[in-house]
Amino acid sequence: MIALDSVAVTPGKGLAGDRFKGRETSKRQVTLIQKEHLYAIASCLQREAIDPEVFRRNIVVSGLNLLALKGKTFRIGGVVLECTGLCHPCSKMETTLGPGGYNAMRGHGGITTRVVEGGTLALGDEVRACL
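Residues numbered from 1 in each chain as written. Predicted model: local features only at pLDDT ≥ 70, side-chain atom pairs only at ≥ 80, totals over all residues. Heavy atoms only, no water.

Some remarks on the overall build of the chain
Right, so step 1: Broken down by element type, the chain carries 3 helices and 9 strands.
Right, so step 2: Going residue by residue from the N terminus, the α and β elements of the chain occur as β-β-β-α-β-β-β-α-α-β-β-β.
Right, so step 3: What you see for the chain is a C-alpha radius of gyration of 14 Å, in line with the 14 Å of a compact globule of 131 residues.
Right, so step 4: Overall size of the chain, expressed as C-alpha extent along the three principal axes, is 40 × 30 × 25 Å.
Right, so step 5: The 131 residues of the chain split such that 37% are buried.
Right, so step 6: About 7,600 Å² of surface is accessible on the chain, with carbon and sulfur atoms providing 50% of the total. (Helix = DSSP H or I, 4+ residues; strand = E, 2+ residues; numbered from the N terminus. Rg over C-alpha atoms; globule rule 2.2 N^0.38 Å. Buried < 20%, exposed > 50% of the residue type's maximum accessible area, 1.4 Å probe, protein only. Areas by Shrake-Rupley, 256 points an atom, 1.4 Å probe, with all protein chains shown as cover.)

So, the side chain of glutamine 29
Right, so step 1: One can find glutamine 29 in the loop between strand 2 (14-15) and strand 3 (30-34).
Right, so step 2: For glutamine 29, the side chain forms a polar contact with the main-chain oxygen of serine 26, separated by 3.3 Å. (Polar contact = N/O pair within 3.5 Å; in protein donor to acceptor, adjacent residues only side chain to side chain.)

Describing a positive patch on the surface
Right, so step 1: A grouping of Arg19, Arg28, Arg56 and Lys92 is seen on the molecular surface, where their side chains present a positively charged patch.
Right, so step 2: Summarising the element assignment, arginine 28 is placed in the loop between strand 2 and strand 3. (Patch = residues over 30% accessible without salt bridge, like charges linked within 9 Å, V, L, I, M, F, W, Y side chains within 5 Å. Salt bridge = Lys/Arg side-chain N within 4 Å of Asp/Glu carboxyl O. Lys, Arg positive; Asp, Glu negative; His and termini not counted. Charge placed at Lys NZ, Arg CZ, Asp CG, Glu CD.)

Let's talk about the sheet that holds strand 2
Strand pairing in a sheet relies on backbone hydrogen bonds, with the paired strands running either antiparallel or parallel.
Right, so step 1: Spatially, the 3 strands line up as an open sheet ordered 2-1-8, and their pairing is antiparallel. Two strands close off the open sheet at either side, each with one partner strand: strand 2 and strand 8 (119-122).
Right, so step 2: As defined by bridge partners, strand 1 (residues 6-10) adjoins strand 2 across 2 bridges and the pair is classed as antiparallel. Bridged to valine 9 within strand 2 is leucine 15. (Pairing = 2+ DSSP bridges.)

Below is the structure:
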């Protein structure tokens, strides 16, 4: 995982340079997680904090409830995304986070999205509803 200040986003491909490598029909082209949930997961595991890169989500957002975007289309910077579902944790979280990692992430894994309109995302871009 590499933290970037900005990245190009392409429909059917996701983020430039991402391991996803693009599948036109995938509902998991870009993943998002809430910063506030990182603290909740860390607390469940009795840790002070956990680096966001550990969770392997593409984008970390703060100040909004990602679950409220379920089934909706929204804009981040110049990019339009459609929420396609929840990003459930996988069994790798037990290895990555240690015992209890999977259960700590349940309900806190973020969302999956499909790219509707490509463009550029930049650090600090606002998340806005599409009207």
